[in-house]
Amino acid sequence: MDMARVIRHLLLPDIWLHRRFSQVALQTIERAIAESERAHSGELRFAVEATLPAAALLRGQSARQRALEVFAELRVWDTGHNSGVLIYVQLADRRVEIVADRGINARVAQAEWDAICRTLETDYRDGAFEHGSLAAIAEISALLR
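Residues numbered from 1 in each chain as written. Predicted model: local features only at pLDDT ≥ 70, side-chain atom pairs only at ≥ 80, totals over all residues. Heavy atoms only, no water.

## Quick look at the overall build of the protein chain
Each helix and strand counted, the protein chain has eight helices and three strands in total. Reading the protein chain from its N end, one meets helices and strands in the order α-α-α-β-α-α-β-β-α-α-α. At 15 Å, the protein chain has a C-alpha radius of gyration in line with the 15 Å of a compact globule built from 145 residues. By the burial criterion, 46% of the 145 residues in the protein chain qualify as buried. Considering only residue pairs separated by 6 or more positions, the protein chain has 64% of its internal contacts joining residues 24 or more positions apart. Element-wise, carbon and sulfur atoms account for 53% of the exposed surface of the protein chain, whose accessible area totals about 7800 Å². Charge-centre separation for the protein chain: the mean point of 18 positive side chains lies 2 Å from the mean point of 20 negative side chains. (Helix = DSSP H or I, 4+ residues; strand = E, 2+ residues; numbered from the N terminus. Rg over C-alpha atoms; globule rule 2.2 N^0.38 Å. Buried < 20%, exposed > 50% of the residue type's maximum accessible area, 1.4 Å probe, protein only. Contact = heavy atoms within 4.5 Å. Areas by Shrake-Rupley, 256 points an atom, 1.4 Å probe, with all protein chains shown as cover. Lys, Arg positive; Asp, Glu negative; His and termini not counted. Charge placed at Lys NZ, Arg CZ, Asp CG, Glu CD.)

This is how it looks when you write it as structure tokens:
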């Protein structure tokens, strides 16, 4: 178990999330997703967590594993064309994961999702949380169209 990771997750306050993603920023992201979904048949979801839940942390769950869990919890897979996509942001580990349903993964290579994730992580490191999120939504929307 990585003790530095455990401590980071335990000591990071939830207010940290709100400093990166204000209510206005989250509403802007929500509107961008709604606009995106009018242009294609996919479902796009955005989930951000400051830290992992304690049980997940103690299991040593990775950001990717948590993203898959959130994908299932939010029922992103439950679309008519198997076209759900989740952008999962895990702030404490500074990781972004994109999980796409099988209908989309049949058409989009994992390398494309990974490239969007790494660009988004760079934007976040630079403090461009809203801008980076909106750019990623635009890129994903283009792939879904």
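Now that the structure has been shown, the text picks up again.
## A short note on the nonpolar core
If you look at the biggest cluster of nonpolar residues, it comprises 30 residues, and the most contacted ones within it are Phe46, Val85, Ile87, Trp113 and Ile140. Elements supplying a minimum of two residues to this core: helix 2 (15–20), helix 3 (23–37), strand 1 (43–49), strand 2 (84–90), strand 3 (95–100), helix 7 (110–125) and helix 8 (129–144). Sequence-distant contacts of Ile140, that is, excluding residues within four places in its chain, are made with Leu44, Val85, Ile87, Ile98, Trp113 and Ile116. Formed by 12 residues, the second largest nonpolar core is a distinct cluster that contains Ala56, Val76, Leu86 and Val99. (Core = buried A, V, L, I, M, F, W, Y, C linked by side-chain atoms within 4.5 Å.)

## Here's the deal with unusual backbone geometry
A positive phi is found at Arg75, a non-glycine position, where the angle reads about 55 degrees. Mapping Arg75 onto the fold places it in the loop between helix 5 (63–73) and strand 2. By relative accessible area, which is 45% here, Arg75 ends up partly exposed. Phi at Arg94 takes a positive value of approximately 55 degrees, unusual for a residue other than glycine.

## What to know about the pairing of strand 1
Across the seven residues of strand 1, six count as buried, placing the element largely inside the fold. Direction of pairing for strand 1 relative to strand 2: parallel, over a ladder of seven bridges. For Glu49, the partnering residue across the bridge sits in strand 2 and is Gln90. (Pairing = 2+ DSSP bridges.)

## Quick word on the packing of aromatic side chains
In the structure shown here, the tally under the stated rule is four aromatic pairs. Judged by centre distance (5.5 Å) and plane angle (75 degrees), the ring pair of Phe21 and Phe129 falls under edge-to-face. Note that Phe21 is positioned in the loop between helix 2 and helix 3 and Phe129 in helix 8, a separation of 108 residues in sequence. For the ring pair Tyr124 and Phe129, a centre distance of 4.9 Å and an interplane angle of 20 degrees mean the geometry is stacked. As far as the burial class goes, Tyr124 and Phe129 line up, both buried. (Phe/Tyr/Trp six-rings, centres within 6.5 Å; stacked < 30°, edge-to-face > 60°.)

By themselves, these are just geometric observations and shouldn't be taken as functional.
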